[in-house]
Amino acid sequence: MPFFVATIENKPGTEQARANAQEAHREYLRAQAHRILIGGAVLDEAETAPRGSVYVFEAETAREAQRFTDEDPLTVAGTRSAITIRPWRQAVFNRGYVLGTPEAGAPFPGPVRD
C-alpha cells in the first residue's frame, strides 16, 4: 500500500476548539494506528505549543489519503488552516521509536505494534 505524508498547519485562534476536540482526535488516531507509520505535532520555537502536525500513513489512493485528514476531529472542528498531502517513499525508519513507548514520551496510551 502506498504511503502519503500530510503536513498540517494549525489555524491561529482555535486553541479552545483544539482542546475540545483533542480526546476525539486521539481516539481517531488510535483507530487509525494500523495505517500510521509516524506522526506528531510540529512545535513552536519555544517548543511549548503545537503549530501543526506531520503524519506519514498508508492509503490506497490520494482520495483515501485526503479522507484521512478530512475526517480527523481536529479538521472537523475547524482548527486547521492548511493541509498538504503528497505521496511519500520510505527510505529510512527507526522502528525503535514507537508511539506510546517511554522513549516517545508516551503521548497517549494504546497498544504498541511490533
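Since this is a predicted model, take the numbers as computed values, not measurements.

K.L.:
How do you make sense of the overall build of the protein chain when you look at a structure like this?
P.N.:
Secondary structure summary: the protein chain contains 3 helices and 4 strands in total. Each helix and strand of the protein chain, ordered N terminal to C terminal, gives the series β-α-β-β-α-α-β. Residue burial in the protein chain is summarised as follows: out of 114 residues, 32% are buried. Restricting the contact set of the protein chain to residue pairs at least 6 apart, pairs at least 24 apart contribute 65%.

K.L.:
I tried to follow the pairing of strand 1 (residues 3-10) on my own but got confused; where do I start?
P.N.:
Side-chain positions along a regular strand alternate between the two faces of the sheet. Counting buried positions over the 8 residues of strand 1 gives 6, a clear majority of the element. With 7 bridges joining them, strand 1 and strand 3 (residues 50-58) adopt antiparallel strand pairing. The residue of strand 3 that forms the bridge with Ile8 is Ser53. When strand 1 meets strand 4 (residues 80-88), the two strands line up antiparallel, connected through 8 bridges. Residue pairing across strands places Phe3 opposite Trp88, the latter belonging to strand 4.

K.L.:
What is the right way to look at the packing of aromatic side chains in this model?
P.N.:
Two numbers describe a pair of aromatic rings. These are the distance of the centres and the angle of the planes. Taken as a whole and assessed by the stated rule, the structure comprises 5 aromatic pairs. Their ring planes at 40° and their centres at 6.0 Å tell us that Tyr28 and Phe68 sit as a pair that is tilted. One end of the pair, Tyr28, is in helix 1 (residues 15-32); the other, Phe68, is in helix 2 (residues 62-70), with 40 residues separating them in the sequence. By relative accessible area, Tyr28 is classed as buried at 12%. With relative accessibility at 3%, the residue Phe68 sits in the buried group. The rings of Phe4, Tyr28, Tyr55, Phe57 and Phe68 are connected pair by pair, giving a single aromatic cluster.

K.L.:
Quick question: what am I supposed to make of the side chain of Arg80 here?
P.N.:
Inspection of the secondary structure puts Arg80 in strand 4. Setting aside residues up to four positions removed in sequence, Arg80 forms contacts with Ile8, Glu9, Asn10, Lys11, His25, Ser53, Thr69, Asp72, Leu74 and Thr75.

Criteria and thresholds
Residues numbered from 1 in each chain as written. Predicted model: local features only at pLDDT ≥ 70, side-chain atom pairs only at ≥ 80, totals over all residues. Heavy atoms only, no water. Helix = DSSP H or I, 4+ residues; strand = E, 2+ residues; numbered from the N terminus. Buried < 20%, exposed > 50% of the residue type's maximum accessible area, 1.4 Å probe, protein only. Contact = heavy atoms within 4.5 Å. Pairing = 2+ DSSP bridges. Phe/Tyr/Trp six-rings, centres within 6.5 Å; stacked < 30°, edge-to-face > 60°.

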